[in-house]
Amino acid sequence: MPGGRLTQPERQQIALGLADGLAYAEIARQLNRPTSTVTREVMRNGGPTAYRADLAHRATERRARRRRPAAPREPQAPVQAHGRDIEAVREYEEVLTTVIMQAGLPKMTSRVLTCLYTTDAGSLTASELVQRLQVSPASISKAITLLENQGLIRRERDERRRDRYIVDDDVWYQASIASARSNALIIETARQGVSILGPGTPAAARLEGVARFLDFVSESMTRAADQARDILHPKAQTTSHGTATPRSDRG
């Protein structure tokens, strides 16, 4: 299986494969490359709908030129535990960061979230994030604020009274509930418009449709989040009699 950087003809073949609607795995098979290489290449160069072979090739050359002066700098990458391949981990972190960016988060925020998810402890301090990502404390602070506001991470104080930023099983539950609740204002406002625009009119019917759709989605999301947490991550709850019952036994 060939290694090294992708060539321009290989990038052109990737572009043709995307245009033909081929899956990453099929394109990788044609190139005799790992699927992760093709996935990373596409996601870091505009995604499947915006990938251009010539632009991707020039961007790779620019990144390679920027890396050369930084060679004397002492590497800050943490030692990989569990026998992990450090290059494979780096490639995966790039792919995950790009996918998170495609979902709508800024680049630095996505890098911070990726760093937390790929850390075995699932938590890091601001100074640890600065060291791992080699960016300014201000950049970390801005990213952390955005992630906290969206409920994607939480903070706790450790024994040294430092803030630790955490991703765990409960974070996505809380984020899902917050997302469902954020629809409530849109639903209420849409239904106010029904009375103002006149029930039965086309505009009012459109707004009522919005309200009913979001109401249904929010209720379904909340119910699904509750069920998923109870089934996938049951925790013991203490009753008034002092006995513990699994959360999944809840009615």
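This structure is a prediction, so every number in the text was calculated from the model and none was measured.

What counts, and at which threshold
- Every chain is numbered on its own, with residues counted from 1 as its sequence reads.
- Selection of residues for local features in this predicted model requires a pLDDT of at least 70, selection of side-chain atom pairs for listing and counting requires 80 or more, and totals for whole chains, interfaces and linings are taken over all residues.
- Note that the side-chain values use all heavy atoms of the structure and ignore hydrogens as well as water.
- Working definition of a nonpolar core: buried Ala, Val, Leu, Ile, Met, Phe, Trp, Tyr and Cys residues. They are joined through side-chain atoms within 4.5 Å.
- Each residue is placed in one exposure class: buried if its accessible area under a 1.4 Å probe, protein chains only, is under 20% of its type's maximum, exposed if it is over 50%, and partly exposed if it falls in between.
- Under the scheme used here, helices are H or I runs from DSSP no shorter than 4 residues and strands are E runs no shorter than 2 residues, and both carry numbers assigned from the N terminus.
- The contact definition used throughout considers only heavy atoms, calling two residues in contact when any of these lie within 4.5 Å.
- For two strands to be treated as a pair, DSSP must find no fewer than two bridges joining them.
- To get an axis, fit a line to the C-alpha atoms, keeping to the stretch in contact for a helix; angles then go from 0 to 180 degrees between the N-to-C directions.
- In what follows, roughly perpendicular refers to angles from 65 to 115 degrees, roughly parallel to angles under 35, roughly antiparallel to angles over 145, and oblique to any angle outside these ranges.
- In this scheme the handedness of a crossing depends on how the near helix is turned from the far one: anticlockwise by less than a right angle means left-handed, clockwise means right-handed.
- We call Asp, Glu, Lys and Arg charged. Ala, Val, Leu, Ile, Met, Phe, Trp, Tyr, Cys and Pro are nonpolar, and the rest, Gly among them, are polar.
- By this rule, a helix spans an expected 1.5 Å times one less than how many residues it contains.
- As used in this structure description, the phrase polar contact means that two N or O atoms lie within 3.5 Å; if the pair is within protein, one of them must be able to donate a hydrogen and the other to accept it, and residues adjacent in sequence are counted only when both atoms belong to side chains.
- Just to be clear on terms, a salt bridge is a Lys or Arg side-chain nitrogen sitting within 4 Å of an Asp or Glu carboxyl oxygen.
- Per-residue confidence from the prediction method is given by pLDDT, with values spanning 0 to 100.

### Examining the nonpolar core
A general feature of soluble globular proteins is that nonpolar side chains tend to end up buried together.
Here is step 1: Judged by nonpolar contacts, the single largest core of 20 residues is most densely connected at V112, L113, L129 and I153.
Here is step 2: Residue assignment for this core shows that the elements contributing at least two residues are α5 (86-102), α6 (107-117), α7 (126-133) and α8 (137-149).
Here is step 3: With residues up to four places along the chain from it excluded, the contact list for V112 reads L129, L133, I140, A143, I144 and L147.
Here is step 4: I14, I27, A28 and L31 belong to the second-largest nonpolar core, a separate cluster that totals 10 residues.

### A look at the sheet that holds strand β3 (residues 163-166)
Here is step 1: In spatial order, the strands read β1-β3-β2; together these three strands make up an open sheet with antiparallel pairing. On the outer flanks of this sheet lie β1 (123-125) and β2 (154-157), each paired with one strand and no other. Direction aside, neighbouring strands of the sheet carry axes that sit 35 degrees apart on average.
Here is step 2: Of the strand pairs in this sheet, β2 and β3 are connected by four bridges, and their pairing is antiparallel. Each bridged residue has a counterpart across the sheet, and for E156 the counterpart in β3 is R164.
Here is step 3: Lying over the sheet, α7 contacts β1 and β3, oriented at roughly 90 degrees with respect to β1.

### Here's the deal with the packing of helix α9 (residues 169-197) against helix α10 (residues 202-232)
Here is step 1: Their axes nearest at 8 Å, the elements α9 and α10 cross at an angle of 160 degrees. For the element pair α9 / α10, the angle class is roughly antiparallel. Here α9 runs over α10; the crossing is left-handed.
Here is step 2: Its residues assigned to classes, the contact of α9 with α10 shows 15 nonpolar, seven polar and seven charged.

### Regarding α8
Here is step 1: For α8, built from 13 residues, the straight-helix expectation of 18 Å at 1.5 Å per residue is met to within 8% by its first-to-last C-alpha distance of 18 Å.
Here is step 2: Of the surrounding secondary structure, the elements contacted by the buried residues of α8 are α6, α7, β2 and β3.
Here is step 3: The positive-phi residue at the C-terminal boundary of α8 is G151, with phi of around 70 degrees.

### Here we look at the side chain of T97
Here is step 1: Position of T97 among the secondary structure elements: in helix α5.
Here is step 2: Under the relative-accessibility criterion, T97 is labelled buried at 9%.
Here is step 3: At 2.8 Å, the side chain of T97 and the backbone oxygen of E93 are in polar contact.
Here is step 4: In this structure the side chain of T97 is engaged in a polar contact, spanning 3.1 Å, whose partner is the side chain of T114.

### Examining the pattern of salt bridges
Here is step 1: Evaluated as defined, the whole model comprises 18 salt bridges.
Here is step 2: Here D120 and R84 are joined by a salt bridge, their closest N and O atoms 2.9 Å apart. With D120 in the loop between α6 and β1 and R84 in the loop between α4 (53-67) and α5, this residue pair connects regions lying 36 residues apart in the sequence.
Here is step 3: Among the residues examined, R84 registers a relative accessible area of 35% and is labelled partly exposed.
Here is step 4: In this structure, E128 and R164 form a salt bridge, with 3.3 Å as the shortest nitrogen-oxygen distance. Highlighted residues: E128 in helix α7 and R164 in strand β3, separated in sequence by 36 residues.
Here is step 5: On the accessibility criterion, E128 (24% relative accessible area) is partly exposed.
Here is step 6: The exposure class assigned to R164 is buried, which follows from its relative accessible area of 16%.
Here is step 7: Bridged by salt links that share partners, the residues R40, R44, E91 and E94 form one connected network.

### With respect to the confidence of the model for the chain
Here is step 1: Confidence in the prediction for the chain averages 82 pLDDT; 84% of positions are at 70 or higher.
Here is step 2: Confidence over residues 70-76 falls short of pLDDT 50; this stretch has three contacts with residues more than four positions distant or in other chains.
Here is step 3: A low-confidence stretch, residues 236-251 (pLDDT under 50), is modelled with 23 contacts involving residues beyond four sequence positions or located in other chains.

### Notes on the pairing of β3
The two faces of the sheet receive side chains in turn, since in a regular strand these alternate between them.
Here is step 1: Pairing between β1 and β3: three bridges, direction antiparallel. In the strand pairing of β3, L124 is matched with Y165.

### So, α5
Here is step 1: The end-to-end C-alpha distance of α5 is 24 Å, a good match for the 24 Å that 17 residues give at a rise of 1.5 Å each.
Here is step 2: Looking only at α5, the buried set comprises V89, V95, L96, T97, T98 and I100.
Here is step 3: As for α5, its buried residues are in contact with α3 (35-43) and α6.
Here is step 4: The N-terminus of α5 is capped by D85, whose side-chain oxygen sits 2.9 Å from the backbone nitrogen of E87.

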